[in-house]
Amino acid sequence: MWQRSTTCRVSLCSGLNIPAFACGSFASAGATMNGQNCCKDGHNCGPTRNLAANHNPVAAAVTSQRHQIVGKNRGEESLTKSGRAFSSTAPQINNKTYLWARYNEMKRLVHDLIPPGVCSLLNPSTIYANNEVNLEEVDIYGFDYDYTLALYSSALDEMIYNKAREFLVQHYKYPEGISKYDYIPNFTTRGLHYDIQKGLLMKIDAFHYIQLGTVYRGLKPVPDDEVMKLYGGSNHVPLHQVSGFYGKGPKMKQFMDVFSIPEMTLLAAANDYFISNDIEYDPVHLYKDVSDAIGMVHIKGYMYKWIMQDLEKYILRGDETYAVLHRLASHGKKLFLITNSPFSFVDKGMKYMVGKEWRDFFDVVIVQADKPHFFNDCVKPFRRLDSNGDLQWDRIKSLDKGQIYKQGNLVDFLKLTGWRGSKVFYFGDHLYSDLADLMLRHGWRTGAIVPELEVETKVVNTEQYAQSLTWLQALTGLLERMQVHSSKKVLQEWLKEREELRLRTLNLFNPHFGSIFRTCHNPTYFSRRLCRFSDLYMASISCLLNYDLSYTFYPRRTPLQHEAPLWMDQNETILGVNRLFLLW
């Protein structure tokens, strides 16, 4: 958008939307160049006020007024496209020259938007709020064990992969050649979908669209045109195929926990072997066999044995777990543990992290709970274990401190404890198995543990990311505003550059699949579930140590697209951009 005054020709572009990890739309607003407003007589009226603190200043700088109509004066050309009105006061000069002038002006503006040092403001220990939560109202804190109380090193992924690969070859009689495929660290990311019938690993956004460029058959990317053909001329996956409540439709499986990383990598390796050697196979059988092989690593106790034999190698930051539990207990909070892991394994790990008397912190301890069935079935009764971990035969009439219980179900848990509603806060890493039922059906507060936040925050804090993303959003705004002009060649060049910028930002996170939170401009399917099933999310439970136990978490109000023009004056300036990523 550009000013209509003939004396004050201030160039303005559409707004810049800087995506955050939160759900919803993103704030955006118009801006004037150099922080000046143009008065009606064409003189500068001085700097305008700073943007409100609850709005993203870069978003305010460049995309917002996408749908606003500049007031019509003589010389303006009103255009209507698809029912939406656009207006232009472009000088009567060559379109190509005009577009490149706007491009260069915007590039200079974007360069000035990011002050030195602003790119290191995101704290990886921050807790992010999807819903308003007052910790003062929380009396009871519950925890999962694996990847919640106990965080594991990446060395565990390789061990799981190697043992499952061995099962696949020796137990399921798969070709020996698969044994030559070593584990590939960071090949996959959590939250990906796997097309069981086609043998394709991919990233899907919150609107069920496949992100082109992130579809892999084996270890090789599938060309975009082939993806479109495979899905009937579209990259959209129908709702019924992906919308199973626990992440598995009839044709798609979503991998949601951290333990799924080696499973996805083994699926990719096995698929690659068959394809590379031109061996006919059924992807459905391969999926089932790999899933079973990974399951055998857990069922047969290999993973538990490796960790118990070398706790120092595999368990990370146990002292922080102790600090969290000690703080909560010392403030009179009740604590409980519900995990699918066996008691001997949990006991060894907790003694390493917390001490021999770790059970004194907990009012209720439940092992081998069989989540998510624990939360949605009423079939299995509680069983008590003695100090050696052996099952007892007495009927459970109460859940007592100091005792260890096995299996059970949430209905009996609620009856025996009386712990209900928002005064209970449960933390876990698996959005479906740990959190979904508790939030949607029982009204508990839920906290998602997302270890990937630490790595992604480091990327976001780099100048390379900030520059690439800011220019990507600015260029998108230019494309939207300038598409009314007739120089198709220039617009095509901009579209090509935009695609290159998207690829560049994707590669900063993971060269194959990018960030687990975002597909280009849209949130991922994982992000959508994260926002729906968790009140708060954080990199680890140690993030709780940074907040008072009476602290209230407030989610950022991110305006809906139709709200943004109503919330921001079209002449708001870009002042306050030094708060750019702090507000984000």
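Residues numbered from 1 in each chain as written. Predicted model: local features only at pLDDT ≥ 70, side-chain atom pairs only at ≥ 80, totals over all residues. Heavy atoms only, no water.

An unreviewed UniProt entry annotates the chain as 5'-nucleotidase domain containing 2 of Cyprinus carpio. Quoted straight from UniProt, the Sequence similarities (unreviewed entry) entry for the chain says "Belongs to the 5'(3')-deoxyribonucleotidase family." (UniProt positions renumbered as here; feature names shortened; annotations may be inferred.)

(A) How the structure looks around the packing of aromatic side chains. According to the stated counting rule, one finds 44 aromatic pairs in the structure shown. Seen in terms of ring centroids, Phe425 and Phe427 are 4.5 Å apart; in terms of plane orientation they differ by 5 degrees. Their pairing is stacked. Assigned by exposure class, Phe425 and Phe427 land together as buried. The rings of Phe336, Phe374, Phe375, Phe382, Tyr405, Phe413, Trp419, Tyr426 and Trp444 are connected pair by pair, giving a single aromatic cluster. The lysine or arginine in question, Lys198, covers the ring of Tyr231, its NZ or CZ lying 4.7 Å from the ring centre. (Phe/Tyr/Trp six-rings, centres within 6.5 Å; stacked < 30°, edge-to-face > 60°. Buried < 20%, exposed > 50% of the residue type's maximum accessible area, 1.4 Å probe, protein only. Lys NZ or Arg CZ within 6 Å of the ring centre and 35° of its normal.)

(B) Structural context of a negative patch on the surface. Taken together, the side chains of Glu132, Glu136, Glu137 and Asp548 make up a negatively charged region of the molecular surface. Turning to its location among the elements, Glu137 is positioned in the loop between β6 (133–134) and β7 (140–143). Relative accessible area serves as the criterion here: at 47%, Glu137 is assigned to the partly exposed category. (Patch = residues over 30% accessible without salt bridge, like charges linked within 9 Å, V, L, I, M, F, W, Y side chains within 5 Å. Areas by Shrake-Rupley, 256 points an atom, 1.4 Å probe, with all protein chains shown as cover. Salt bridge = Lys/Arg side-chain N within 4 Å of Asp/Glu carboxyl O. Lys, Arg positive; Asp, Glu negative; His and termini not counted. Charge placed at Lys NZ, Arg CZ, Asp CG, Glu CD. Helix = DSSP H or I, 4+ residues; strand = E, 2+ residues; numbered from the N terminus.)

(C) Quick peek at the packing of helix α16 (residues 463–482) against helix α17 (residues 488–509). One way to put it is that α16 packs onto α17 with a least axis distance of 9 Å and a crossing angle of 150 degrees. As summarised for this structure, α16 and α17 are arranged roughly antiparallel, according to the angle between their axes. In the crossing of α16 with α17, the sense of the turn from one axis to the other is left-handed. Touching Gln464, Tyr465, Ser468, Leu469, Trp471, Leu472, Leu475, Thr476, Leu478, Leu479 and Met482 of α16 are Leu491, Trp494, Leu495, Glu497, Arg498, Leu501, Arg502, Arg504, Thr505, Leu508 and Phe509, all from α17. (Axes fitted to C-alpha atoms, helices over the stretch in contact; angles between N-to-C directions. Parallel < 35°, antiparallel > 145°, perpendicular 65-115°, else oblique. Left-handed = near helix turned anticlockwise from the far one by under 90°. Contact = heavy atoms within 4.5 Å.)

(D) Fine view of the nonpolar core. In terms of nonpolar packing, the biggest core is built from 86 residues, with Tyr141, Phe143, Tyr145, Tyr152, Leu156, Met350 and Phe362 touching the most fellow members. The leading source of residues in this core is helix α6 (residues 260–276), at nine residues. Ignoring sequence-local partners within four residues, the contact set of Met350 consists of Tyr145, Leu149, Leu325, Gly355, Trp358 and Phe362. Counting 48 residues, the second largest nonpolar core, distinct from the first, contains Ile396, Tyr405, Ala436 and Leu438. (Core = buried A, V, L, I, M, F, W, Y, C linked by side-chain atoms within 4.5 Å.)

(E) Spatial organisation of the sheet that holds strand β13 (residues 252–254). Pairing within the open sheet is antiparallel, and its five strands lie in the order β12-β11-β10-β9-β13. Because the sheet does not close on itself, it has two edges, and the strands there are β12 (220–221) and β13. Two elements, strand β10 (residues 200–202) and strand β11 (residues 216–217), share two bridges in a ladder whose sense is antiparallel. When the bridges of β11 are listed, Leu200 appears paired with Arg217. (Pairing = 2+ DSSP bridges.)

(F) Structural context of the pairing of strand β19 (residues 424–428). A large share of β19 lies buried, amounting to five of its five residues. What you see with β19 is no split at all: Val424, Tyr426 and Gly428 on one side and Phe425 and Phe427 on the other are buried throughout. Both β7 and β19 contribute to a ladder of four bridges, which runs parallel. Counterpart to Tyr141 in the pairing with β19 is Phe425. Pairing between β19 and strand β20 (residues 445–449): four bridges, direction parallel. Residue pairing for β20: Phe427 is matched across the bridge by Gly447.

(G) Seen up close, the pairing of β7. In β7, alternate side chains face the same way, and those of Ile140 and Gly142 on one face and Tyr141 and Phe143 on the other are all buried. Across four bridges, β7 lies against strand β15 (residues 334–338) in parallel orientation. Opposite Ile140, over in β15, you have Lys334 as the bridge partner.

(H) Structural detail: the pattern of salt bridges. Applying the stated rule across the entire model yields 19 salt bridges. For Glu105, the salt bridge goes to Arg102, with nearest N and O atoms at 2.8 Å. One end of the pair is Glu105 and the other is Arg102, both in helix α2 (residues 95–113) and three residues apart, which spans about a single turn. Residue classification places Glu105 among the partly exposed residues on the basis of a relative accessible area of 22%. The buried category is assigned to Arg102, whose relative accessible area is 16%. When the shortest N-O distance is used, the salt bridge between Lys380 and Asp370 registers 2.9 Å. Placement of the pair is Lys380 in the loop between α12 (373–376) and β17 (382–385) and Asp370 in the loop between β16 (364–367) and α12, with a sequence separation of ten residues. On the basis of relative accessibility, which here comes to 29%, the residue Asp370 falls in the partly exposed class.

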